[in-house]
Amino acid sequence: MSISRMDNWNTDNESMVNKQINLELTASHIYLYLSTLVSNDSIGLLGMSKFLKEESIEERKHADEFIQLQIIRGGKPILGNISNPEFEFKGNESHLLQLFRYILQLEQSIYKNIVNISNNTDDKGLQKLLDDFIDEQLTTQYKLGIYIKQLENIGGDKSALFIFDKSIMDTE
């Protein structure tokens with residue numbers, strides 16, 4: 001317990017924020033793992049690899065923001081263990097489409113937890129931070145949805161998939 005807490009941070013908020021910290025760190029770890037997976041010369045999706053590395057860094061920054069909030073408010077950040085990501089390509093669907101569907105699910109789970117915190121706190125400072133994260137999560141999910149639809153339209157056209165991968169590298 002912090003000497004500066006002075007009843008400005010309750011244990012429920014502390015617990016919910018710690019869960020979010022660990023979700024963000026896990027997401028960062030997953031994005032980094034996926035980046036290494038697709039940069040392998042047997043897959044060769046360098047645009048996607050770059051995109052995933054950038055997302056990994058972004059998720060780490062999110063975790064850092066929640067850690068700083070926890071520290072400033074007098075809470076104790078608790079960093080849990082991060083298990084190895086479980087993902088493998090299956091079937092005939094393009095690797096890019098499988099990846100984007102997987103990371104959309106990941107982002108939706110993060111969003112769901114942020115909304116849960118928002119619905120269960122009356123702390124105005126925390127609520128302000130969460131509002132910004134909710135907006136960012138919705139934008140990210142929209143962007144991922146667009147990419148998924150584009151990839152569904154592309155289908156198995158290898159030339160189009162190559163162009164899509166290159167465009168990810170050039171625009172992200």
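Throughout what follows, the structure given in this document is the object of discussion. The structure displayed is predicted, hence computed values, not measured ones.

**With respect to the packing of aromatic side chains**
Here comes step 1: In the structure shown here, the tally under the stated rule is eight aromatic pairs.
Here comes step 2: With a centroid separation of 5.7 Å and an interplanar angle of 90 degrees, the aromatic rings of Tyr147 and Phe164 are classed as edge-to-face. Remark: Phe164 occurs in helix α5 (residues 158-171) and Tyr147 occurs in helix α4 (residues 124-154); sequence separation between them is 17 residues. In this structure, Tyr147 and Phe164 share a single accessibility class: buried.
Here comes step 3: Taken together through their ring pairs, the aromatic side chains of Phe51, Phe100, Tyr147 and Phe164 make up a single cluster.

**Here we look at the layout of surface pockets**
Here comes step 1: In this structure, the largest pocket occupies an estimated 460 Å³ of space.
Here comes step 2: In this structure, the largest pocket is lined by 25 residues; those nearest its centre are Leu45, Ser94, His95, Leu96 and Leu161.
Here comes step 3: Sorting the residues of the lining of the largest pocket by element identifies α2 (46-72), α3 (95-119), α4 and α5 as the ones contributing at least two each.
Here comes step 4: Broken down by element, the lining of the largest pocket gets its largest block of residues, six residues, from α5.
Here comes step 5: Among the residues forming the lining of the largest pocket, the class breakdown is ten nonpolar, nine polar and six charged.

**Some details on the packing of α2 against α3**
Here comes step 1: In contact at an axis separation of 12 Å, α2 and α3 are set at 10 degrees when each is read in the N-to-C sense. Judged by the inter-axis angle, α2 sits roughly parallel to α3. From α2, Met48, Phe51, Leu52, Glu55 and Glu59 reach across to α3, where they touch Leu96, Leu99, Phe100, Ile103, Glu107 and Ile110.

**Section: the nonpolar core**
Here comes step 1: Counting 41 residues, the largest nonpolar core has Met48, Phe51, Leu52, Leu96, Phe100 and Ile103 as its most contacted members.
Here comes step 2: Broken down by element, this core gets its largest block of residues, ten residues, from α3.
Here comes step 3: With residues up to four places along the chain from it excluded, the contact list for Phe100 reads Met48, Phe51, Leu144, Tyr147, Ile148, Leu151, Phe164 and Ile168.

**Describing the environment of Ile67**
Here comes step 1: Tracing the backbone through its elements, the reader meets Ile67 in helix α2.
Here comes step 2: Here the alpha-carbon distance between Ile67 and Lys143, two residues 76 residues apart in the chain, equals 27 Å.
Here comes step 3: For Ile67, the residues in contact, after removing those within four places along its chain, are Ile21, Pro77 and Leu79.

Definitions and cut-offs
- Residues numbered from 1 in each chain as written.
- Predicted model: local features only at pLDDT ≥ 70, side-chain atom pairs only at ≥ 80, totals over all residues.
- Heavy atoms only, no water.
- Phe/Tyr/Trp six-rings, centres within 6.5 Å; stacked < 30°, edge-to-face > 60°.
- Helix = DSSP H or I, 4+ residues; strand = E, 2+ residues; numbered from the N terminus.
- Buried < 20%, exposed > 50% of the residue type's maximum accessible area, 1.4 Å probe, protein only.
- 1 Å grid on protein atoms, 1.4 Å probe; cavity = no way out; pocket = protein on both sides within 12 Å on 5 of 7 lines; lining within 4 Å.
- Points joined across faces, edges and corners; volume = space filled by probe spheres on them.
- Nonpolar A, V, L, I, M, F, W, Y, C, P; charged D, E, K, R; others polar.
- Axes fitted to C-alpha atoms, helices over the stretch in contact; angles between N-to-C directions.
- Parallel < 35°, antiparallel > 145°, perpendicular 65-115°, else oblique.
- Contact = heavy atoms within 4.5 Å.
- Core = buried A, V, L, I, M, F, W, Y, C linked by side-chain atoms within 4.5 Å.

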